[in-house]
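Fold and contact review
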Amino acid sequence: QHTEHSQNERCVADVLSLCLILLASSAKLLEELPQPPTITHQSPKDFIIDPRENIVIHCEAKGKPHPSFSWTRNGTHLDIDKDPKVLMKPRSGTLVLDISGGQRAEEYEGVYQCSAHNELGTAVSNSIILRQSRSPLWSKERISPIIAQKGQSLILRCRPPAGLPPPIIFWMDNNIQRLPQSRRVSQALNGDLFFSNILPEDSRSDYICYARFPHTQTIQQKQPISVRVLDTVMSLMFPFSPTPAISWVKHNSEIPSGRASFLNFSKTLRITDVSEADAGEYRCIANNHHGSVHHTIRVTVNAAPYWISAPRNLVLAPGEMGIITCRAAGRPKPSIRWLMNGLPIENAPRDPSRSVEGDTLIFSEVQTGSSAVYQCNASNEYGYLLSNAFVNVLAEPPRVLTLPNTVYQVIMNKPALLECVTFGSPAPTITWFKDSMLEGNAYVFHENGTLEIHMSHPSNSGKYTCVARNSLSLSENHVYLQVKEPTRILRPPEYRVVQRSRDVVFECKAKHDPSLVPTMTWLKDDGELPDDERFRVDSDSLTITDVTESDAGTYTCIMNTTLDQDSASAQLTVVEALPTPAVIYEQPGAPTDLELTDLVARSVQLTWTPGEEHNSRIKSMTHTHYEDALHQSGVWHNLTEVPGTKTTAHLKLSPYVHYSFRVLALNNVGFSRPSMPSRQYRTSPAAPDENPTEVKGHGTEHNNLVITWKPLTPQQANGPGLEYKVMWRQQGIETYWTSVSVANVSKFVVSGTPTFVPYEVMVQALNDYGPGPKPGAVIGYSGEDFPSAAPGDVRVLVLNSTLAEVRWSPVPLESVRGRLQGYKVQLSSHHIFSPNKTSGKLPDLLPYSIYSLRVTAFNGRGEGPTSATQRFETPEGVPSAPSFFKVSTFDLDSLMLEWGPPYERNGRLTGYTFKYQTVNSKNDLGLLEELDLPSNQSSFTLHNLPHSTRYKFYISARTQRGAGPMLTEEAVTVLDRGTSPKGCNSLVVFLDYWRYFLLCWKPSGDEDWHKEKVNGSQFHVLKGLKKGLAYKVRVVARGHDDRSTHVSCSSSSSSSAMVSPQVDIATQGWFIGLMSAIALLILILLIICFIKRNKGGKYPVKEKEDAHGDPEIQPMKEDDITFGEYSDEDHKPLKGSRTPSGGTDKRDGSDDSLVDCGDSGDTEFSEDGSFIGQYSGKSDRDTTHDSSELLSPVNAMNSFV
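Residues numbered from 1 in each chain as written. Predicted model: local features only at pLDDT ≥ 70, side-chain atom pairs only at ≥ 80, totals over all residues. Heavy atoms only, no water.

Re the sheet that holds strand β63 (residues 693–698)
With respect to topology, 3 strands assemble into an open sheet ordered β63-β64-β67, the strand pairing being antiparallel. The outermost strands of the open sheet, each flanked by one partner alone, are β63 and β67 (747–751). For this sheet, the mean inter-axis angle between neighbouring strands, taken without regard to orientation, is 10°. Taken together, the 4 bridges between β63 and strand β64 (residues 704–710) define a ladder with antiparallel strand orientation. Bridging from a neighbouring strand, histidine 698 pairs with valine 706 of β64. (Pairing = 2+ DSSP bridges. Helix = DSSP H or I, 4+ residues; strand = E, 2+ residues; numbered from the N terminus. Axes fitted to C-alpha atoms, helices over the stretch in contact; angles between N-to-C directions.)

Some remarks on the state of the cysteines
Inspection of the entire model under this criterion finds 5 disulfides. Across a sulfur-sulfur distance of 2.1 Å, cysteine 420 and cysteine 466 are joined as a disulfide pair. In this structure, the disulfide formed by cysteine 420 and cysteine 466 twists by about 70° around the S-S bond and is classed as right-handed. Here cysteine 466 lies in strand β43 (residues 462–469) and cysteine 420 lies in the loop between β37 (416–418) and β38 (422–425), a separation of 46 residues in the sequence. Each member of the pair, cysteine 420 together with cysteine 466, is buried. Residue pairing for cysteine 508: its cysteine sulfur links by disulfide to cysteine 557, the two sulfurs lying 2.0 Å apart. (Disulfide = S-S within 2.5 Å. Buried < 20%, exposed > 50% of the residue type's maximum accessible area, 1.4 Å probe, protein only.)

Focus: unusual backbone geometry
With an omega of 0°, the peptide bond running from arginine 331 to proline 332 counts as cis. Structurally, the position occupied by proline 332 is in the loop between β28 (327–331) and β29 (335–340). Look at the link from serine 425 to proline 426: it is a cis peptide, with omega at 5°. Residue placement: proline 426 occurs in the loop between β38 and β39 (429–434). Phi angles above zero are rare outside glycine, and arginine 159 is one such case at about 50°. Along the chain, the position of arginine 159 falls in the loop between β13 (154–156) and β14 (168–172). Residues other than glycine seldom take positive phi values, yet aspartate 525 does so here, at roughly 50°.

Things to note about the environment of histidine 512
Considering the arrangement of structural elements, one finds histidine 512 in the loop between β48 (509–511) and β49 (519–524). When the C-alpha atoms of histidine 512 and threonine 487 are compared, they prove to be 4.3 Å apart, with 25 residues separating the residues in sequence. The residues contacting histidine 512, other than those within four sequence positions of it, are Glu485, Pro486, Thr487, Pro518 and Thr561. (Contact = heavy atoms within 4.5 Å.)

Quick word on the pairing of strand β10 (residues 121–124)
Neither face of β10 is open: one carries Gly121 and Ala123, the other Thr122 and Val124, and all of them are buried. In the sheet, strand β9 (residues 110–118) pairs with β10 via 4 bridges, with the strands oriented antiparallel. Bridge assignment links asparagine 118 to a residue of β10, and that residue is glycine 121. Hairpin connection from β9 to β10: 2 residues lie between these consecutive antiparallel strands.

Description of the pattern of salt bridges
On inspection of all chains with the given rule, the structure shows 35 salt bridges. Where arginine 673 meets glutamate 494, a salt bridge forms, and the shortest distance between an N and an O atom there is 4.0 Å. Of the two residues, arginine 673 is situated in the loop between β61 (658–666) and β62 (681–682) and glutamate 494 in the loop between β45 (488–491) and β46 (496–499); the sequence distance between them amounts to 179 residues. Judged by relative accessible area, glutamate 494 falls into the partly exposed class, the value being 29%. Glutamate 549 is the salt-bridge partner of arginine 500, the closest N and O atoms lying 3.0 Å from each other. Highlighted residues: arginine 500 in the loop between β46 and β47 (504–507) and glutamate 549 in the loop between β52 (541–544) and β53 (553–560), separated in sequence by 49 residues. (Salt bridge = Lys/Arg side-chain N within 4 Å of Asp/Glu carboxyl O.)

Structural notes on the environment of valine 806
Checked against the element boundaries, valine 806 lands in strand β72 (residues 803–809). In this structure the C-alpha to C-alpha distance between valine 806 and valine 825, which are 19 residues apart in sequence, comes to 8.6 Å. What valine 806 contacts, discounting residues up to four positions off in sequence, is Val794, Arg795, Val796, Val825, Thr838, Ser839, Gly840, Leu842, Leu853 and Val855.

Comments concerning the packing of aromatic side chains
Each pair of aromatic rings is reported with the distance of its centres and the angle of its planes. Applying the stated criterion across every chain, the model contains 20 aromatic pairs. Here tryptophan 709 and tyrosine 724 contribute two aromatic rings whose centre-to-centre distance is 5.5 Å and whose plane-to-plane angle is 55°, an arrangement assigned as tilted. Taken together, the residues tryptophan 709 in strand β64 and tyrosine 724 in strand β65 (residues 723–730) connect sequence positions 15 residues apart. Accessibility classification places tryptophan 709 together with tyrosine 724 in one group, the buried group. Cluster of aromatic residues (ring-pair linked, three or more members): Phe914, Tyr916, Phe940, Tyr951 and Phe953. Looking at arginine 662, its charged tip hangs above the ring of tryptophan 636, at a distance of 4.3 Å from the centre. (Phe/Tyr/Trp six-rings, centres within 6.5 Å; stacked < 30°, edge-to-face > 60°. Lys NZ or Arg CZ within 6 Å of the ring centre and 35° of its normal.)

In short, shape yes, function no, at least from these values alone.
Put into structure tokens, the structure is as follows:
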């Protein structure tokens, strides 16, 4: 950062110095040329003078020949010779009016204007309004004392005399002390003193208004004002007591925060840099607890003229053209008026080369003698602007203003700027030479004549000539460029840890260009070194003796030259003195005494003396560093590595390299410091050993060939003057090679080539010592052009509703004009086919759709013209599945089915195919019933279905092509409420359909559940129940898909609950006999229960009863326990059915865990075995269930099937 910052500062300083020299040269040159007058200094437009001093009105001008001056006063010529008190300074237009002899200054008031003229034109000054400053006395007046009541507002009038300029007002007392001001007491803009509410302490007799007149520095005072405040009337209420708070708002806008300030205790709003956007209504609002009042101020923004583009001087050669523009803005818009040599342009002599177009003067084919000074006056009602601009017609041969034989110095690899500042009329063109005319990408030629070299190399050093040429003559100038070696620190300071009171040495060895004077500077923590004799700076080191803790920090050495600098830093850490340590292992010492022997063209022998091992054996010597001072000074490269026991190395070298070598030693701790560099060994130049690699030829336009290559490194160049000989010829057509030699580039563009033809390309390296080896040729192609023909005979064959085949005829080979990369079929999306294809399939089409298709051929340049548009229509396809399908319970023996039309109809819908069949407990499917439904129907109800029966439903949409995919649903008709037995001695649970069950029971009030696993049974008898107790029974049923549901019942004695009797299971004789015995047992138990309890129950299905409003069914009690929630998530789908939409698959952690007996989601029974609660209602415990919809009675019944 130090280095870059200093180099930037040094570069800026050099450029500024050069610019100042060139400006001085230009000014001196222009002074020697004929030039119309130019006003250089004048008094202000509004000139207020002190009547006690002589009056000086300034008017200075320049021109060649030197101009003469004249004045007007109030529009008439001022004859200076008639008034001995009026003098004009020699060689100047400045007037001096001597009023020291008693003359009155007001006698000279008026409007003055100065004119400066020579043989080429006349320049005029602004109109200067001269006025005398005035500081009149206050008029005598008798001021009566003011008596005011406490709390009322009061204004003390100042009314100062009108002065020129206006006076500055302030209030003071008899002791010449300023009166304190606050929110309550403040001074208005007109000087009046305003009291928002007056208080008894405001009573005084010395309120004095002062007026200070700045020009005469005089102060006038008004007669004192006496104020007495009465505190007798206490019941009066004054609106300005207490003191109101002041605020400001702008109507329909915001007050500009960055430019607005509130002065005088917020009573004054000041806006700076006013623009038209500041116009509008501003409201001042005063608030206290009595209320608020406001005052609106309307602001209109006007502006005196101001420049947008002021006229500028114009220097033309005979026959040239040019323009002078005069653009100004203001509010209202200023008018533009042109003058020539001080006269209105319409009254000036006619000039056929001049025309006026509003704010622009246009000159065409000017001739000698057309020189003049033109004035532009832009004015509106608020002021004016006046500017002079001359037209100077000159015929001057070119002159080079840059000092001859200027020497430019630049650091290697940095840009160089060589100046060539010229003047001439017509403007000269600049050409640069160094041995020959300079051209190519290595140079940049700026419009001002400056030559820029991007990267300076030693080969760029030498003499440069710039030639300035116009139609009259030419002029040349010689400058010199010196490319210097960069400054580099070779041995930077290293990190040091030193004990207190010891000495420390930081080394900093650097190299620099021998012709530059170096300066070494040391810094501590980016500041100067302490002024302490303990710090000693030598030529290449810093020594600190008797180190203290305050010496810790970062030390930086900076090596400066007049062109560049380099820097390096190291840290110093100070520690307490330690006892003698054990053996310390350190990096080896740096090798010394480097010597070069056996010096030949391509090799050298290097020997050295090893440094100290520091208790760790040297295991290798690594010659990682050599420096090429010619091409990359300061950059070190690895070269070779030898075992640590050797002290010599044989090094292979390259031609044209300035070698320096250094050696590093390595042990188990690390690398040593580098040795001091060896003496420099310069190998002799030679012709290149190799040619550029990665040679390629390709076109970027249809008529060019771009030849590129990877350039050689400076080490590969083998000598100065590296160039590349680029050779090419059209393959099979041209016999001779065309060649060109270029330097400092890595590509060459051959223009005017035929489109896409093969070329043989070679690139050979050569330098001042000869060419490199003969290169091999590579084949490249000139640029491609867009194909000129479209594929013909385009046909489309529709294969089915989603697939079509397109066929075309290939484009002629000559129309490709490049390398054919393929064919592109433009449909709703692009389909690309290989160039050898003349047909292709178009998949994924939409059925029953109309398509437009075009085919193009494309190459590396792009696509050619499109074929004629082909339209085709895809036939109908089968529709997608209906958008939804759901089944709900309509009645005990009815199911309602609803569906939505398919999202993708793929044709005209002809109807829906509806199928259904029964499913028994073993998931066997019954007879399949089928119905055809019209396309406009979206629901259907099946009636007279057997109760407690499971069904599987299918639905699909149809078009003329056939039926689409089916949606399936499953549902169960509702359990018949009249089949449940009543009364029991033991609790009987009927089970069916499920894979296995877990029976859980407990007496009401107990916390522990008894459980028993049941497999393959359709009922189970719970024994050992105590009579008269209410039991809670839970059935945890796990289906074939491992989903489970809970059913619960309660009983006060050995009661039974029947769960989901299956209508179709009683098909075998043994089962009928078994059921008959069980039914007889249940009947006996029910009779006993009726006798004992005299109490019966029903199977209320609350949700269904609520829906149908059955008057016979009574509402349940609030404490009745509801069925546990069951959703489709807990139901096992049948074979071939889909998982219902939105369902999720949840499994229990184990088949018979205690968690299965939990209280969540119970379905309970009354004491006599009847159901209690709703089929689909939720208990309070289940309100967080993640089911996405309420359950229907059908789903509730599914729990028991």
